[in-house]
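# Examination of the molecular architecture
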Amino acid sequence: MILVTGGLGFIGSHTVVALLEQGYEVVIIDNLSNSSLAVLDGITKITGVKPHFEQLDLRNKPAVHYFFEKHKNIEGVIHFAASKAVGESVKNPLLYYENNIGTLVYLLQEMTRHGLSNLIFSSSCTVYGQAATLPITEEAPIQKALSPYGNTKQISEAILKDTVNAYPAFKAIALRYFNPIGAHPSALIGELPRGTPQNLIPYITQTAIGKREELAVFGSDYDTSDGTAVRDYIHVIDLAEAHIVALARLLAAKNKSNLEFFNIGTGTGSSVLEVIHAFERVNKLKVNYKIAPKRPGDVTAAYADTTLANNELGWQSRLSLEDALRDAWHWEQKLAE
Ligand code: UDP
């Protein structure tokens, strides 16, 4: 049995689908703070399997304790449950430390107490800040976080390091995601942003469908080919697959150290304008946008060197930016039905 925390969220739900498709038995815990039970139906429709689900808030320590007392057959844990909005984390840092750090501690306490060892952790390329060299390898230095959210990912990685040192039987892999986008090609699951989207792709799709009047392109004088910021956008289906191979690596004891880090991206950077124009081209429509001031805290360019993930995990992204933008648009249209 594989425990997926935050399994009804954006990346979690796609990973649950991939796990079920590969025959894993899955139990999801999710507090539904940024997801809905409809996602469980979507997962069931896609796979024909209804995963076990418990509505549980990981901040509730006794409930977490009880969960692990009740489930004695957990072989691995994929831990997605966390808050992820950079701006919100600046306004409400303590919520972020509680949600992202407190819950990781409870989870690790229960895992180590029960002798469970295989954890896949959602980290982020934000740990690198503006890297001096592109593409970014796992060797790039961690830079001072620019937001409480970014800080929680760095602190979480440090907590994992201390945990594997103290518990030699404990093993974890931290996947440093670049920019996850897209949706399941069936349009049965996808991203469900709360309120005004902070991320580029949901903002584009909501503008295209008329929910938002105009997309603001944050900054046009970055030192990039067209002046807009560059990111590595990875299809959520490819990202989900990376979790499956990372988990399989731990389950087969193929890991080379008790804590490994992998960049998960495509290896290709795209500028904001390139993304907008690719979206327009592939979906045959126009997006209303204007150039706006830079968003504080944004780096100029970030894209992954994926050599380590390619060689060690035997994983590489297969889907294109265009695939992701098509699937994201189908999902937005489905939401509007
Ligand atoms: N972006 C933008 N307009 C928006 C949202 C994002 O121009 O409404 C830009 C943002 O400045 C960054 C890129 O799109 O350069 C990706 O932003 P996102 O928030 O999706 O991911 P991040 O890389 O910040 O985690």
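Up top you'll find the structure we're talking about.
Residues numbered from 1 in each chain as written. Predicted model: local features only at pLDDT ≥ 70, side-chain atom pairs only at ≥ 80, totals over all residues. Heavy atoms only, no water.

### Examining the site of the ligand
- As a matter of local geometry, the ligand sits amid 15 residues, with Leu200, Ala216, Arg231, Arg295 and Asp298 nearest to it.
- Between an oxygen atom of the ligand and a side-chain N or O atom of arginine 231, the distance comes to 2.7 Å.
- Note that an oxygen atom of the ligand is positioned 2.8 Å from one of the side-chain N or O atoms of arginine 295.
- Only α7 (200-209) and β8 (215-218) provide two or more residues apiece to the shell around the ligand. (Near = heavy atom within 4 Å. Polar contact = N/O pair within 3.5 Å; in protein donor to acceptor, adjacent residues only side chain to side chain. Helix = DSSP H or I, 4+ residues; strand = E, 2+ residues; numbered from the N terminus.)

### Quick look at the packing of aromatic side chains
- Inspection of the entire model under this criterion finds 2 aromatic pairs.
- Seen from their ring centres, phenylalanine 279 and tryptophan 329 are 5.8 Å apart, and the 80 degrees between their planes marks the pair as edge-to-face. With a gap of 50 residues between them, phenylalanine 279 in helix α9 (residues 272-283) and tryptophan 329 in helix α11 (residues 321-336) connect regions that are remote in the sequence.
- The class of tryptophan 329 is buried, set by a relative accessible area of 9%. (Phe/Tyr/Trp six-rings, centres within 6.5 Å; stacked < 30°, edge-to-face > 60°. Buried < 20%, exposed > 50% of the residue type's maximum accessible area, 1.4 Å probe, protein only.)

### Some remarks on unusual backbone geometry
- A cis amide bond links leucine 134 with the next residue in sequence, proline 135, at an omega value of -10 degrees.
- Positionally, proline 135 belongs in the loop between β5 (118-124) and α6 (148-166).
- Phi at lysine 284 takes a positive value of approximately 55 degrees, unusual for a residue other than glycine.
- Mapped onto the elements of the fold, lysine 284 is located in the loop between α9 and β13 (289-292).

### Regarding the nonpolar core
- Core analysis: the biggest nonpolar cluster contains 39 residues, and Leu19, Ile43, Ile120, Leu175, Ile264, Leu313 and Trp315 have the highest contact counts within it.
- With 9 residues, helix α8 (residues 236-251) is the largest single contributor of residues to this core.
- Excluding its chain neighbours within four sequence positions, the residues that come into contact with leucine 19 are Ile2, Val4, Tyr24, Val26, Ile78, Ile244 and Leu247.
- Counting residues in each nonpolar core, the second largest holds 27 residues, with Leu3, Met111, Leu160 and Ala172 among its members. (Core = buried A, V, L, I, M, F, W, Y, C linked by side-chain atoms within 4.5 Å. Contact = heavy atoms within 4.5 Å.)

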